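Results of the structural survey
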Amino acid sequence: MTPVSPNQTSSQYEVSEPDKKIESLVEEVKPESELDLEFLYTRDIEFRQETIYFLVVDRFYDGDPTNNEGPNPELYDPEGKDWGKYWGGDLQGVIDKLDYLKDMGVTAVWLTPLFEQVEALFVEQAAIHGYWTKDFKRLNPRFIAKGDNPSVNQTQETKDTVFDKLVYELHQRNMKLVLDIVCNHSNPDFSGKKGELYDDGVKIADFNDDKDNWYHHYGEVRNWEDEWQVQNCELSGLATFNENNIAYRNYIKSAIKQWLDRGVDALRVDTVKHMPIWFWQEFNADILTHRPDVFIFGEWIYSDPRNDRSVEFVNESGMTILDFGLCVAIREVLGKGAEAGFSLVQDVLDLDHRYYGATELITFIDNHDMPRFQSLNPDPEMLRLAIGLIMTTRGIPCIYYGTEQYLHDDTEGGNDPYNRPIMEKWDTESPIYRDVRLLSGLRRLNPAISMGSQWQKYLTPDVYCYVRRYRDSVVFVAMNRGNSVTLEEVDTELPDGEHTEVLSRRKFEVKDGMLYNLELGAREVMIFSRVGERVKATTIVRAQLNSVKTQPGERIVVIGDCPELGNWDISKGYPLEYINTNTWFGEIPFNESAGKLISYKYALLREGQSPLRENLVCRRWVLVSEGTVKWRDKWASGRES
């Protein structure tokens, strides 16, 4: 089968429209040596319209009780009382609940690591979380059927495991699979065994007999402000890989490529701050050459736009990250009731210009490494506000499993392991379930949420209003964490006339772009949407330009040697949209030039002054004959006309 370009024209924003080309792509992917030029130039898959659901496999749902005891029955607690042991969740359980997730609006499912783990206790804890890997080329037998072969090598042709069934069922529902991986370490010391690593059942490394230098041997991190220690020393006693060893690098990359060949759509990468950026650049280069359409995001624990190292990682590593900066701010404002209120959230968003791709950061309010949101604040209405915020602000929202059912256990403040309880309810009528369903649909329908800029319109400690804008599509959001309040007027940027609020279905009248005397109830969120005309073409290029210094009133256009870019006539250049002071973005439709080699560059238009063109000959690109391409460029110092 010849790989085809993922077709992500305007239809991708329709809630129920399946992406047929992506489905065919994940069914069969050729080795990198057979990828044709057209497929290579499709590059990134668009992930910004997705709604991610993150679940701990062992704590979600037990769909196959026959695999519960696993290789070591002592690590399984059938009563679900020992928080350090397995409780029975598995991949069949995920399959059984896929319709529940799809009906909630989930479009991508992120699973904790599925690889084979060490089968012993470490500090009274089994590897239920999946981050103490023994073999990156085998599945955890506790997650698959008892008769399944766990080897990715030996089942590559047959593809008959429960894992393959999960991939198939996800793609049948037009949902994506996010595989959690860890490249930094293997496993800690279990009764004298540490870092024993296998390649499809064959032992290849041992921390205690490391003659081939697969591991660092510098002890645990002692000074967390020392970058060298953070990248080379051990994290909580885990055997830390030596990334300088090419044999290790080849092993980990080959393992991940094999799982991608089985249909994985995206990767979440653990503990990225603990390895040097050159490793990630090489890793991502190889992975994206093998599968240009895979989306990758990493966990830089407590990343923040004010942290230079984490910002550099986002901009230069080849992957985006989980947005801890925004998460912490939301938890402070809505979870802990910080006196400064919503200004803490706006302070983070005001620094979006530091990132090359702020709209691709993964947003969340809690996860498996921190107390759940409701352990900070049990008020269900505050949780609804927090969910409403991440579903409508810039970035890609990620919901931690059970949030839609108000799942939380406050033992010891809700810290690990009590933030990983078993899923108990499957109520499809809960308010959060309904909100996520509606807002996930809105995210896919209105490109202003997934790709647009964000503009603060009203801000007090308790009230926050903002607009998301892309071309002529607009979303207006108003939320209130305090008592009922009436806003005399607030600018919505919506067209005049009657508008229906998304969550309550109430009607409101907009005059001169304003809502007058808007009554916001206590702990209420209101959302209004206006969907404009979408870009349609045989081939669409999503062009993103960074590192250009623009002033109010200035504009960026793309010019080139094809009719779509004005045939070098700067007055006919294609205009981009302002996202923030570091980012301009736009969807460029190509029909006549689809499938051809084109040349292009960027130009800055200034009122009353000569245009400023980039100081380079040109950029060149082979456009796919159909589908979507993403350009990511940095401004080359300009020359006046």
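Residues numbered from 1 in each chain as written. Predicted model: local features only at pLDDT ≥ 70, side-chain atom pairs only at ≥ 80, totals over all residues. Heavy atoms only, no water.

**Some thoughts on the overall build of the protein**
Here is the rule: In DSSP terms, a helix is any run of H or I states spanning at least four residues, a strand is any run of E spanning at least two, and both are numbered starting from the N terminus. Here the globule rule reads 2.2 Å times residues to the power 0.38, and the radius of gyration is calculated from C-alpha atoms. Summary of the burial criterion: residues with accessible area below 20% of their type's maximum are buried, those above 50% are exposed, and those between are partly exposed, where the area comes from a 1.4 Å probe applied to protein chains only. Contact criterion: two residues are considered in contact whenever any of their non-hydrogen atoms come within 4.5 Å of each other. Accessible surface area values rest on a Shrake-Rupley calculation with a 1.4 Å probe, where residue burial reflects the displayed protein chains alone. Think of it this way: Lys and Arg go in the positive column, Asp and Glu in the negative one, and His and the chain ends go nowhere. The atom standing in for a charge is NZ when the residue is Lys, CZ when it is Arg, CG when it is Asp and CD when it is Glu.
When helices and strands are tallied, the protein shows 15 helices and 30 strands. Here the protein has a C-alpha radius of gyration of 25 Å; the compact-globule value for 641 residues is 26 Å, and the two agree. Dimensions of the protein, computed from C-alpha atoms along their principal axes, come out at roughly 75 × 60 × 45 Å. Residues counted as buried form 62% of the 641 residues belonging to the protein. Counting only contacts in the protein whose residues sit at least 6 apart along the sequence, the fraction spanning at least 24 positions is 72%. Accessible area for the protein stands at about 23800 Å²; split by element, carbon and sulfur atoms hold 45% of it. Measuring between centres, the 72 positive side-chain charges of the protein sit 4 Å from its 106 negative side-chain charges.

**Here we look at the environment of Ile396**
Position of Ile396 among the secondary structure elements: in strand E12 (residues 396–400). Take Ile396: its relative accessible area is 0%, and that puts it in the buried class. Ile396 sits 134 residues away from Arg262 along the chain, and the two C-alpha atoms are 24 Å apart. Ignoring anything within four residues of it in the chain, the contact list for Ile396 reads Phe47, Arg48, Glu50, Ile52, Phe295, Thr359, Glu360, Leu361, Ile362, Thr363 and Arg443.

**With respect to the pairing of strand E17 (residues 497–500)**
Put simply, the rule reads: Strand pairing is assigned whenever DSSP detects at least two bridges linking the two strands.
With four bridges joining them, E17 and strand E18 (residues 507–510) adopt antiparallel strand pairing. If you follow Glu498 over to E18, its bridge partner there is Glu509. Hairpin remark: E17 followed by E18, antiparallel, with six residues in the connecting loop; positive phi at Arg505, about 70°.

**Structural notes on the UniProt feature "domain: CBM20" (unreviewed entry) in the protein**
Keep this limit in mind: UniProt positions are given in the numbering used here, feature names are shortened, and annotations may be inferred rather than shown by experiment.
Under the feature "domain: CBM20" (unreviewed entry), the UniProt entry names residues 533–637. Taken end to end, residues 533–637 comprises 0% helix and 50% strand; its first and last C-alpha atoms sit 34 Å apart.

**Considering the pairing of strand E29 (residues 627–634)**
Of all the eight residues making up E29, six are buried; the element is thus mostly covered by neighbouring parts of the structure. Sheet topology note: the strand E21 (residues 539–546)/E29 ladder contains eight bridges and is parallel. Its bridge partner lying in E29, Arg542 is registered against Lys630.

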